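Architecture and fold: a report
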Amino acid sequence: MADEVVLLDFWPSFFGMRARIALAEKGIDYQYRDEDLQDKSPLLLQMNPVNKTIPVLVHNGKPICESLIIVQYIDETWKGKSPLLPSNPLQQAQARFWADYVDKKIFPSLRDTWSTTGEQQEAARKEFIEALKVLEGELGEKPYFGGDSFGFLDVSLVPFYSWFYAVEKCGNFSTEAESPKIIAWAKRCMERESVAKSLPDSEKVYSYVLENKKKMGLE
Ligand code: GS8
């Protein structure tokens, strides 16, 4: 019997994009369900009762939660095509370390650059730019973070690229001026069909951000 794969997601979610890219890299057919996070579906609450967050991958009725765990699960389950994690344990550990760095440094600083004001926003913008520069150092002259092929850390970081435009507008800076190699890398990733079709349009993300700023009384 064919695998039944469902992805509970929300279109602007960079965490959801990670799962979309990994599934596309492996060429897996799946059902995409866009959640209303203000009115979560019974399926989401049943499949992720602990965190109640998207993304959730439901594979033959069984849930897998947390985006980085989902990407690793996809890589291990559909091994044949496009390996994402290196087979060497040391390189694997390094890729996981940097993906964790993305979650700890890029995610909160990006969020606070659009969703706060004044000194807090300034501090977040600084932290975002610093974290990108650290990642730029890790990338070095390689085409992808893992070397010559697209892999786990690329999947983990590239979704944030779809939010760069919105964050730059809100924080009044240019990522390209600060971290040109990261932008060149992101554009390289966007040449892959798996990435291009999984990331939403930057203008659409910006409209979503503006709507949210309004709701939060920031505009
Ligand atoms: C984060 C998921 C998350 O924050 C992961 O999957 O990597 N560490 C998790 N999901 C958000 C939407 S994206 O910003 C979410 O589902 N929020 C709903 C809520 O918190 O109620």
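Now for a quick tour of the structure.

So, how was this worked out
- Residues numbered from 1 in each chain as written.
- Predicted model: local features only at pLDDT ≥ 70, side-chain atom pairs only at ≥ 80, totals over all residues.
- Heavy atoms only, no water.
- Phe/Tyr/Trp six-rings, centres within 6.5 Å; stacked < 30°, edge-to-face > 60°.
- Helix = DSSP H or I, 4+ residues; strand = E, 2+ residues; numbered from the N terminus.
- Buried < 20%, exposed > 50% of the residue type's maximum accessible area, 1.4 Å probe, protein only.
- Lys NZ or Arg CZ within 6 Å of the ring centre and 35° of its normal.
- 1 Å grid on protein atoms, 1.4 Å probe; cavity = no way out; pocket = protein on both sides within 12 Å on 5 of 7 lines; lining within 4 Å.
- Points joined across faces, edges and corners; volume = space filled by probe spheres on them.
- Nonpolar A, V, L, I, M, F, W, Y, C, P; charged D, E, K, R; others polar.
- Domains from an automatic or database assignment.
- Near = heavy atom within 4 Å.
- Polar contact = N/O pair within 3.5 Å; in protein donor to acceptor, adjacent residues only side chain to side chain.
- Areas by Shrake-Rupley, 256 points an atom, 1.4 Å probe, with all protein chains shown as cover.
- Sits in = over half its atoms within 2 Å of the grid points.
- Axes fitted to C-alpha atoms, helices over the stretch in contact; angles between N-to-C directions.
- Parallel < 35°, antiparallel > 145°, perpendicular 65-115°, else oblique.
- Left-handed = near helix turned anticlockwise from the far one by under 90°.
- Contact = heavy atoms within 4.5 Å.

**Structural notes on the packing of aromatic side chains**
As enumerated under the stated definition, the model contains 18 aromatic pairs in all. Here the aromatic rings of Tyr161 and Phe164 are separated by 5.7 Å at their centres, their planes lie at 80°, and the arrangement is edge-to-face. Here the residue Tyr161 and the residue Phe164 both occupy positions in helix H7 (residues 161-171), the gap between them amounting to 3 residues, near one helical turn. Pair check on accessibility: Tyr161 and Phe164 agree, each one buried. What links up through ring pairs into an aromatic cluster is the set Phe10, Trp11, Phe14, Phe15, Phe107, Trp114, Phe160, Trp163 and Tyr208. Sitting over the ring of Phe107, Arg111 keeps its end group 5.1 Å from the ring centre. Above the ring of Trp11, the side-chain terminus of Lys204 is found at 4.2 Å from the ring centroid.

**Brief notes about the layout of surface pockets**
Regions of empty space are outlined by a rolling probe, equal in size to a water molecule, passed over the atoms. Approximately 520 Å³ is the volume found for the largest pocket. Ser13, Phe14, Phe15, Ile54 and Phe107 are, among the 23 residues lining the largest pocket, the residues nearest its centre. If you list the elements that add at least two residues to the lining of the largest pocket, you get helix H1 (14-26), helix H3 (67-77), helix H4 (89-115) and helix H11 (202-215). Residues of the lining of the largest pocket, tallied by class, amount to 13 nonpolar, 5 polar and 5 charged. Both of domain 1 (5-77) and domain 2 (89-215) provide at least three residues apiece to the lining of the largest pocket. A volume near 430 Å³ is recorded for the second largest pocket. In this structure, the second largest pocket is lined by 22 residues; those nearest its centre are Leu84, Pro86, Ala95, Phe145 and Gly146.

**A few points about the site of the ligand**
Inspection of the region around the ligand gives Ser13, Phe15, Leu37, Lys40, Thr53, Ile54, Pro55, Glu66 and Ser67 as its neighbouring residues. One of the side-chain N or O atoms of Lys40 is found 2.5 Å from an oxygen atom in the ligand. One of the side-chain nitrogen or oxygen atoms of Ser67 is found 2.6 Å away from an oxygen atom of the ligand. With the chains in place, 69% of the 530 Å² that the ligand exposes on its own is no longer accessible. Put simply, the ligand lies in the largest pocket.

**Quick notes on the packing of helix H5 (residues 118-139) against H7**
Where H5 contacts H7, the axes come no closer than 11 Å and their chain directions differ by 140°. The orientation of H5 with respect to H7, classified from their angle, is oblique. Between H5 and H7 the crossing geometry is left-handed. The segment H5 lies against H7, with Gln121, Arg125, Phe128 and Leu132 engaging Phe164, Val167, Cys170 and Gly171.

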